[in-house]
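Understanding the architecture of this molecule
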Amino acid sequence: MTSARTVNVLGIGGSLREGSQSERALQIALAAAAETGVRTRLLSGPDLVLPFYDAGELERDERARQLVDAVRHADGLIVVSPGYHGALSGLVKNALDYVEDLRDDARPYLDGRAVGLAAVAYGWQAAVTTLEQLRTITHALRGWATPLGGSINSAETKFDDGGGASDEKSIRTLRLIGRQVAEFAVSRHS
């Protein structure tokens, strides 16, 4: 039986702005996953500044190789995107496009992995549509979207530097997403 300590949960998301609301939301979900005993890793903002994904280009720069390798070794993922104009950010979408490089792996794409999803946007419409797009992409990549997803309206909820937020419900939602990913990953890994 494999220990939970060997299970890896990868967080992908945020924006280029240091300390962005979406990155802080991602950190809350990852912290909850880590509390279950899994190993976590965060790739956000500057880590996701990659060349536009090109399926015809076989050479990858170092950041793209690191991202693909991190996804390859992840037993679960948590993806949090800001919502821009009713859609996920180009930064997060481009990062997810690189999962195509796993198509020929023993575990292709996100196969067999739980993926927790949340969207943070200034307004409910963008938060909800962004979450739905993340779910669609996760399904297309053969991932198992967790039962709970998070749509967070940053006009109403503000995240702070200390890992908290002005809305306790948002914190509970993000923490549950993190736990669901970790628990699914541990059960699949056992």
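An account of the accompanying structure is given in this report. Keep in mind it's a predicted model, so treat the numbers as computed, not measured. (Residues numbered from 1 in each chain as written. Predicted model: local features only at pLDDT ≥ 70, side-chain atom pairs only at ≥ 80, totals over all residues. Heavy atoms only, no water.)

Take the side chain of Ser81 next. Mapped onto the secondary structure, Ser81 falls in strand E3 (residues 76-84). Look at Ser81 and you get buried, because its relative accessible area is 0%. In contact with Ser81, not counting residues within four places along its chain, are Ser22, Leu88, Ser89, Val92, Ala118, Ala119, Val120, Thr130 and Leu134. (Helix = DSSP H or I, 4+ residues; strand = E, 2+ residues; numbered from the N terminus. Buried < 20%, exposed > 50% of the residue type's maximum accessible area, 1.4 Å probe, protein only. Contact = heavy atoms within 4.5 Å.)

This part is about the packing of aromatic side chains. Tallying each qualifying case throughout the model produces two aromatic pairs. Plain terms: the ring middles of Tyr53 and Tyr98 are 5.0 Å apart, the flat faces sit at 80° to each other, and that makes the pair edge-to-face. Highlighted residues: Tyr53 in the loop between strand E2 (39-44) and helix H2 (62-72) and Tyr98 in the loop between helix H3 (90-97) and strand E5 (114-121), separated in sequence by 45 residues. Residue class for Tyr53 comes out buried when judged on its relative accessible area of 19%. Tyr98 gets classed as buried once you look at its relative accessible area, which sits at 2%. Look at Trp144 and Phe184: their rings are 6.2 Å apart centre to centre, the planes differ by 35°, and that puts the pair in the tilted class. A residue pair is termed long-range when its members are at least 10 positions apart, and Trp144 in strand E6 (residues 144-145) and Phe184 in helix H5 (residues 168-189) qualify at 40 residues. (Phe/Tyr/Trp six-rings, centres within 6.5 Å; stacked < 30°, edge-to-face > 60°.)

Judged by nonpolar contacts, the single largest core of 31 residues is most densely connected at Leu10, Ile12, Leu67, Val71, Leu77 and Val79. Residue assignment for this core shows that the elements contributing at least two residues are strand E1 (8-13), H2, E3, H3, E5 and helix H4 (124-140). Beyond its immediate sequence surroundings of up to four residues, Leu67 is in contact with Ile12, Leu43, Leu48, Leu50, Ala95 and Tyr98. Counting 22 residues, the second-largest nonpolar core is a separate cluster that includes Ala25, Val80, Val181 and Ala185. (Core = buried A, V, L, I, M, F, W, Y, C linked by side-chain atoms within 4.5 Å.)

Attention now goes to the pairing of E1. Burial within E1 is extensive, with six of its six residues counted as buried. Of the two faces of E1, both are covered, the one formed by Asn8, Leu10 and Ile12 as well as the one formed by Val9, Gly11 and Gly13. By the bridge criterion, six bridges tie E1 to E2 in an arrangement that is parallel. If you follow Ile12 over to E2, its bridge partner there is Leu43. Handedness of the crossover joining E1 and E2 through helix H1 (residues 21-34) is recorded here as right-handed. (Pairing = 2+ DSSP bridges. Right-handed = clockwise from strand over helix to strand, strands pointing away.)

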